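Structure assessment
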Amino acid sequence: MPAMAAVPLIDVRPFAAREIDPQVHLLSTPQDYYGPAVGNVSIIEQSDGYVLVDSGLSAGNGRTIVNYVKARSAKPVKAVVITHWHNDHPQGVSAIRQAWPKVRIIATAATKAGMLGPEVDELVGLEPGPQYVEKVQKLNAEQQATLDKLIADPATTPDRRERARKAKLDFAAFAATYSDTYIVPPAETFDKELLIDDPVAPVKVMFLGRANTAGDAVVWLPRQKIVMSGDIVVWPTPFGFFSYPGEWVQTLGKLKALGYSILIPGHGEPQTDTVYIDQLSGSIEDIRAQVGPLAKAGMPLDEVGRKVDFSRYAAVFGKTERMKTLFKTYWTDPMTENAWKEAKGMPIVQGEGEVTVAKQSDKKR
Ligand SMILES: [Zn+2]
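These lines cover the structure that appears in this document, whether it is placed above or below. Treat the numbers as computed from the prediction; the structure is a model and nothing was measured.

Conventions adopted
- Residues numbered from 1 in each chain as written.
- Predicted model: local features only at pLDDT ≥ 70, side-chain atom pairs only at ≥ 80, totals over all residues.
- Heavy atoms only, no water.
- Donors = N, O, S within 2.8 Å, 3.2 Å for Na, K, Ca; no water.
- Tetrahedral: all angles 85-135°; square planar, octahedral: opposite > 155°, others 65-115°.
- Helix = DSSP H or I, 4+ residues; strand = E, 2+ residues; numbered from the N terminus.
- Buried < 20%, exposed > 50% of the residue type's maximum accessible area, 1.4 Å probe, protein only.
- Contact = heavy atoms within 4.5 Å.
- Pairing = 2+ DSSP bridges.
- Phe/Tyr/Trp six-rings, centres within 6.5 Å; stacked < 30°, edge-to-face > 60°.
- Lys NZ or Arg CZ within 6 Å of the ring centre and 35° of its normal.
- 1 Å grid on protein atoms, 1.4 Å probe; cavity = no way out; pocket = protein on both sides within 12 Å on 5 of 7 lines; lining within 4 Å.
- Points joined across faces, edges and corners; volume = space filled by probe spheres on them.
- Nonpolar A, V, L, I, M, F, W, Y, C, P; charged D, E, K, R; others polar.
- Domains from an automatic or database assignment.
- Salt bridge = Lys/Arg side-chain N within 4 Å of Asp/Glu carboxyl O.

Moving on, we come to the coordination of the zinc ion. Around the zinc ion, the protein contributes the donor atoms Asp 88 (OD), His 89 (NE2), Asp 231 (OD) and His 267 (NE2), which lie 2.1 to 2.4 Å from the metal centre. Because the angles between the four donor atoms bound to the zinc ion fall within 79 to 169°, the donor set is best described as irregular. As a motif over one chain, the donors of the zinc ion read D-H-x141-D-x35-H. With Asp 88 in the loop between strand E5 (77–81) and helix H2 (93–99) and His 267 in strand E12 (residues 262–267), the pair connects residues that are 179 residues apart, well separated along the chain. Using a relative accessible area of 6% as the deciding quantity, one classes His 267 as buried.

In structure tokens:
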């Protein structure tokens, strides 16, 4: 007799679903997904309901999460923890709250501030609106045209052309399910730690220090020894925009000291050892070591950028064909700027520059 499927067989695109532990399921975009970036969503089962870690990029993602949870059991979602403010993590909450109006929405105060800040992209507001859907549709039309050109170009390699074809479908699906996406500010904030207790799967929500953003929350399951890191850890290529290099290394040290058996990153594959976070930490140390003295000696940022050599990270963080060149754009370039500012004692301001769906989508092309 076949065993009962633990993972409901429903359409969860753009995610794929899997069981990490009897209490923890993960919705994650597969490696051959080329639409706008969508963060990992963890679904933790407690006796009286579910705790979610993050919610995706759109209400469409949120509706998919709702369908997945409802296919598993009649238990409600009781809480959503938002790890940080970047749009691909909090923007499914509107649909989740519509399904379960009493859901607790939890984040650090800095994450709440980021979600309400002026730098949140122009594709979303504090309530749904046809103007946002129109903007997303316009963005999608532009993406489709760019990708069509790439496909038609005889110089495009066959594998690149195949990725472009896939990206067209992924972008179209994103645009088609964007309606009712809006910012739901977290009603509950915490400073250091917050416990969502349960006899089987107690959940500790923690702030271990600044890292990828000013308010990264980490979710720790002490019984299962599973940690959800948010974008403090992103696999296979980390994101380094407006981050805090020195504090990031310390925060990674605290994350490692938890003694996890599984780390679920903000994007990409779960890690069962510390190899990847050691590489991440080592890379940040190296960037600080190369950039710091030059910055302190008064060298301008662009000159520093030409002087440093981070080419060896292509092998570490450029595991996919696409990322062999893009790791520089997402990781070593922004981290060089962060380390330069840090060495000069300049403030690193969240959202200075832009994190928009358009920009995020560049990451995935
Ligand atoms: Zn993210």
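Another point: the side chain of Ser 28. Topologically, Ser 28 is positioned in strand E2 (residues 24–28). For Ser 28, a relative accessible area of 3% corresponds to the buried category. In this view, Ser 28 contacts Pro 14, Phe 15, Ala 16, Arg 18, Asn 40 and Gly 268; residues no more than four positions away in its chain are not counted.

In terms of residue burial, strand E3 (residues 41–46) counts as a mostly covered element, since six of its six residues are buried. Covered by surrounding structure in E3 are Val 41, Ile 43 and Glu 45 together with Ser 42, Ile 44 and Gln 46, the residues of both alternating faces. Sheet analysis places E2 next to E3, joined by four bridges and oriented antiparallel. By the bridge assignment, His 25 is partnered in E3 with Ile 43.

With respect to the helices and strands, the residue Thr 320 is situated in the loop between helix H9 (313–317) and helix H10 (323–343). Since its relative accessible area comes to 24%, Thr 320 is described here as partly exposed. Separated by 289 residues in sequence, Thr 320 and Gln 31 have C-alpha atoms that sit 8.8 Å apart.

What follows covers the packing of aromatic side chains. Enumeration over the complete set of coordinates arrives at nine aromatic pairs. A centroid spacing of 5.4 Å and a plane angle of 90° characterise the contact between Trp 248 and Trp 331, whose relative ring orientation is edge-to-face. You can see Trp 248 sitting in helix H6 (residues 245–257) and its partner Trp 331 sitting in helix H10, a full 83 residues away along the chain. A relative accessible area of 0% places Trp 248 in the buried class. Note on Phe 310 and Tyr 313: the rings are 6.3 Å apart at their centroids and 40° apart in plane angle, and the pair reads as tilted. Take Tyr 313: its relative accessible area is 2%, and that puts it in the buried class. Aromatic rings pair up to connect Trp 248, Tyr 276, Phe 310, Tyr 313, Phe 317 and Trp 331 into one cluster. Directly above the aromatic system of Trp 100 lies the positively charged group of Lys 70, at a separation of 5.5 Å from the ring centroid.

Approximately 370 Å³ is the volume attributed to the largest pocket. Considering the residues around the largest pocket, the lining is formed by 19 residues, among which Arg 13, Pro 14, Tyr 33, Asp 170 and Ala 173 are closest to the centre. Contributions of two or more residues to the lining of the largest pocket are made by helix H1 (59–72) and helix H5 (158–176). Among the elements that take part in the lining of the largest pocket, H5 stands out by supplying five residues, more than any other. Of the residues contributing to the lining of the largest pocket, the split by class is nine nonpolar, five polar and five charged. Residues from two domains meet in the lining of the largest pocket; each of domain 1 (16–124 + 180–364) and domain 2 (130–176) gives at least three. Its volume calculated, the second largest pocket comes out at about 280 Å³. Together, 15 residues line the second largest pocket, and Gly 305, Val 308, Lys 328, Asp 333 and Thr 336 are the ones closest to its centre.

Going through the model one piece at a time under the given rule, you end up with 19 salt bridges. The salt bridge involving Arg 18 is made with Glu 269; its shortest N-O contact spans 2.9 Å. Of the two residues, Arg 18 is situated in strand E1 (residues 16–21) and Glu 269 in the loop between E12 and helix H7 (275–296); the sequence distance between them amounts to 251 residues. Here Asp 333 makes a salt bridge to Lys 328, at a shortest N to O gap of 3.2 Å. Given a relative accessible area of 38%, Asp 333 falls into the partly exposed group. A residue is classified by how much of its surface remains accessible, and Lys 328, at 43% relative accessible area, is partly exposed. Several salt bridges share partner residues, and in doing so they unite Glu 45, Arg 72 and Lys 75 into one network.

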